[in-house]
Every structure is written in structure tokens, then in C-alpha cells.
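# Summary of the model geometry
One letter stands for each residue in the lines below.
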Amino acid sequence: MAIEDNPVSRIKYGEELRARREAAGLTQEELSQRAVMSRTHIAHIEAGRRRPDIADARRLDIVLGTGGFFERFLPALDGRKVAEHFEEALEFEGQATVIRGYAAKLVPGILQTEAYAREVLTSGAFPKSDEERDMMIRTRLERARVLEEFHSPVVWSLLDEAVLRRPIGGPAVMCEQSRHIAALGESRRIRVHVLPFDTGFHALLEGIVSLMWFEDLPPIAYVEGLRTGRVWELPSVVRECQVAYDHALGDAMSHRKSLALIRSVAEDYEHESQ
């Protein structure tokens, strides 16, 4: 049975890992080599700052001969505040110093207004209870609080023009949402680049991706599809995602021109809503 993920449980999990590592006579570096994990990652787990994934736990059990202990008591997020496939990415997002994301059809969660988020979470083929929906809305708004700090994380948002043109929730909701994005861009809190329709095919057209960098850990990539998502830490895959992002960014409008387009779209929605 996994334990609820919170700072106390992660600290206890880390203390147990450190105790069993030392009992086995291994340094963090030696354990990292045998478990095929970075020493820094092990140090963060032992300090309770990082939640190991199931693959980490299984490797630790094998190397330390702990009979599945670390897999059974792996800290797990409680309450399903986000989609299951996004849980690990959410933790990374909270630790990132740089976030560069691409959105193909919907405004990224971290940039959504409450009205827009409510429409997204209310509609769809997989209905949610009011309680579940409201909890997920609160989580999205809490995620957005990282933007209250001016310097970190540094956020770049690459938006397909379809994100702006699809009238989620109707003209009034889209007007508010567009102006919210424009305000963040104008305040220099985020950089926004729009990939216009006339670009045609571009390197990220087939999916969405979020790239994250950290102060003292290797970068990761989160790639998502319909009800699926995966965090990639393998350097070769992360690099491929970074290259694809850079190629798409090269096809996008400048930050200044993107903000002008977003303001224009907001005005169109305002006129339509009147």
C-alpha cells in the first residue's frame, strides 16, 4: 500500500533509504551506479525533496535487497487533484526554474483563468462530479501562483493559433482568457509565441510537450496525448524534444507580434459577446 505523499512521508521514506543504504555499506555514489540513478537524485530522495517513481523504487529494492519495501511504500499523491498521468509532471513543475511549453489546442493549465478551467473540466466525454471538478480547478489556480514570483520559474509559452481561436466557454470566457495571457506577457512575467495557421506543418504539431530545467538536476520533458502522459528523463529523448521545440519556436511569431495578435483576438471576442 502506497503512503500519502506529503513532506513528512517523503522525509520518512528518505530516512529509510539512507538507513538501508548505510547498512549495506554503500555511499550515495555507489548506490547511484548500481541502481542506474544519478547521485543527486538519490540525495534529493533521501532529503525528502523528490518523490521517486516506481522504476526508481524497484531498482532500489533490487540493489539493496529489500524485498519490494521501497515499491510498496512509494509515496503516492492523494486525492486525484490532477489527471493521474500528470501527477509526476506536476511535482516537477513545482521545482522547475525554467518551463517551456507548447500547447496545440487548449490554453496550458498554468495560464488558465477560473472560468476557462471550469469549462474545460465540466465538458468532455469523461464527466466529473462537482466536488472532483472544483478540486481540480483549485489545483490549476494554485499552480498558477508560481507566476506571482517575477523571476522564477522562467516561463515560455508556445501556443498554436488554434488555442486562441477555439471558443472554449464562449466569447466572454475567451475574451477574459486572452486578456489574461496578454497581461502576463505585457508584464514580462512570461514570453508568449504564437504559431500561426499559415505556418502549416511544424515540429510539434503532433502533440504537446513541456520542457523543464532545474537548479541542480538534469532537465526533463513531459509529453502528453489523449488521457496519457509521460515524463522523460532519458537525455537522448529530452534532447530530441528540446530540438523539436526549438524548430517550432523558429516558425513562431515574435513575442511582440504574438501579444498584438492575442489582444486583437480578445477584442474580437469582446465585440462578439456584446
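Within every chain, residues take consecutive numbers counted from 1 along the sequence as written. pLDDT decides what is reported in this predicted model: residues at 70 or higher carry local features, side-chain atom pairs at 80 or more are listed and counted, and totals for whole chains, interfaces and linings draw on all residues regardless. Water and hydrogen atoms were dropped before computing side-chain values, which therefore reflect all heavy atoms in the structure.

## Section: the overall build of the protein chain
Helix and strand assignments come from DSSP, with helices taken as H or I runs of at least 4 residues and strands as E runs of at least 2, each series counted from the N terminus. The helix and strand tally for the protein chain stands at twelve helices and six strands. Values of the radius of gyration come from C-alpha atoms, whereas the globule rule sets the reference at 2.2 Å times the count of residues to the power 0.38. Relative to a compact globule of 274 residues, whose C-alpha radius of gyration would be 19 Å, the protein chain shows 21 Å and is just as compact. Principal-axis analysis of the C-alpha atoms places the extent of the protein chain at approximately 70 × 40 × 35 Å. Residue pairs in contact within the protein chain that sit at least 24 positions apart in sequence constitute 74% of those at least 6 positions apart. The Shrake-Rupley method, run with a 1.4 Å probe sphere, supplies the accessible areas, and residue values consider only the shown protein chains as cover. Split by element, the accessible area of the protein chain, about 14300 Å² in all, is 53% carbon and sulfur. Counted as positive: Lys and Arg. Counted as negative: Asp and Glu, with His and the chain ends omitted from the count. Where a charge sits is defined by one atom per residue type, namely NZ (Lys), CZ (Arg), CG (Asp) or CD (Glu). Positive and negative charge centroids in the protein chain, built from 36 and 44 side chains respectively, lie 2 Å apart. Should any heavy atoms of two residues lie within 4.5 Å, those residues are counted as being in contact.

## Some words on the environment of Glu 71
Note on placement: Glu 71 falls in helix 5 (residues 69–72). Using a relative accessible area of 30% as the deciding quantity, one classes Glu 71 as partly exposed. Sequence-wise, Glu 71 and Thr 113 are 42 residues apart; in three dimensions their C-alpha atoms are separated by 38 Å. Excluding anything up to four places from it in sequence, Glu 71 contacts Ile 54, Ala 57, Arg 58 and Asp 61. Definition of a polar contact: a pair of N or O atoms within 3.5 Å, with one able to donate and the other able to accept a hydrogen when the atoms are protein atoms, and with sequence-neighbouring residues admitted only if both atoms are side-chain atoms. Within polar-contact distance, the side chain of Glu 71 engages the side chain of Arg 58 at 3.2 Å. Burial status follows relative accessibility: with a 1.4 Å probe on protein chains alone, a residue under 20% of its type maximum counts as buried, one over 50% as exposed, and anything between as partly exposed.

## Observations regarding the packing of helix 2 (residues 28–35) against helix 3 (residues 39–46)
Axis geometry follows a simple rule: fit a line to the C-alpha atoms, using only the stretch in contact for helices, then measure angles between N-to-C directions, giving values from 0 to 180 degrees. At a minimum axis distance of 8 Å, the contact between helix 2 and helix 3 shows a crossing angle of 115°. Judged by the angle between their axes, helix 2 and helix 3 are roughly perpendicular. Remark: the crossing between helix 2 and helix 3 carries right-handed chirality. Contacts from Gln 28, Glu 29, Leu 31 and Ser 32 in helix 2 reach Arg 39, Ile 42, Ala 43 and Glu 46 in helix 3. The scheme is simple: roughly parallel for angles under 35 degrees, roughly antiparallel for over 145, roughly perpendicular for 65 to 115, oblique for anything else. Crossing handedness is read from the near helix: turned anticlockwise from the far helix by less than a right angle, it gives a left-handed crossing, and turned clockwise, a right-handed one.

## Quick notes on unusual backbone geometry
Residue Pro 153 is bonded to the preceding Ser 152 through a cis peptide linkage, with omega at 0°. Looking at the secondary structure, you find Pro 153 in the loop between helix 8 (130–143) and strand 2 (154–160). Look at Arg 188: it is not a glycine, yet its phi comes out positive at around 70°. Turning to its location among the elements, Arg 188 is positioned in the loop between helix 10 (171–186) and strand 3 (190–195).

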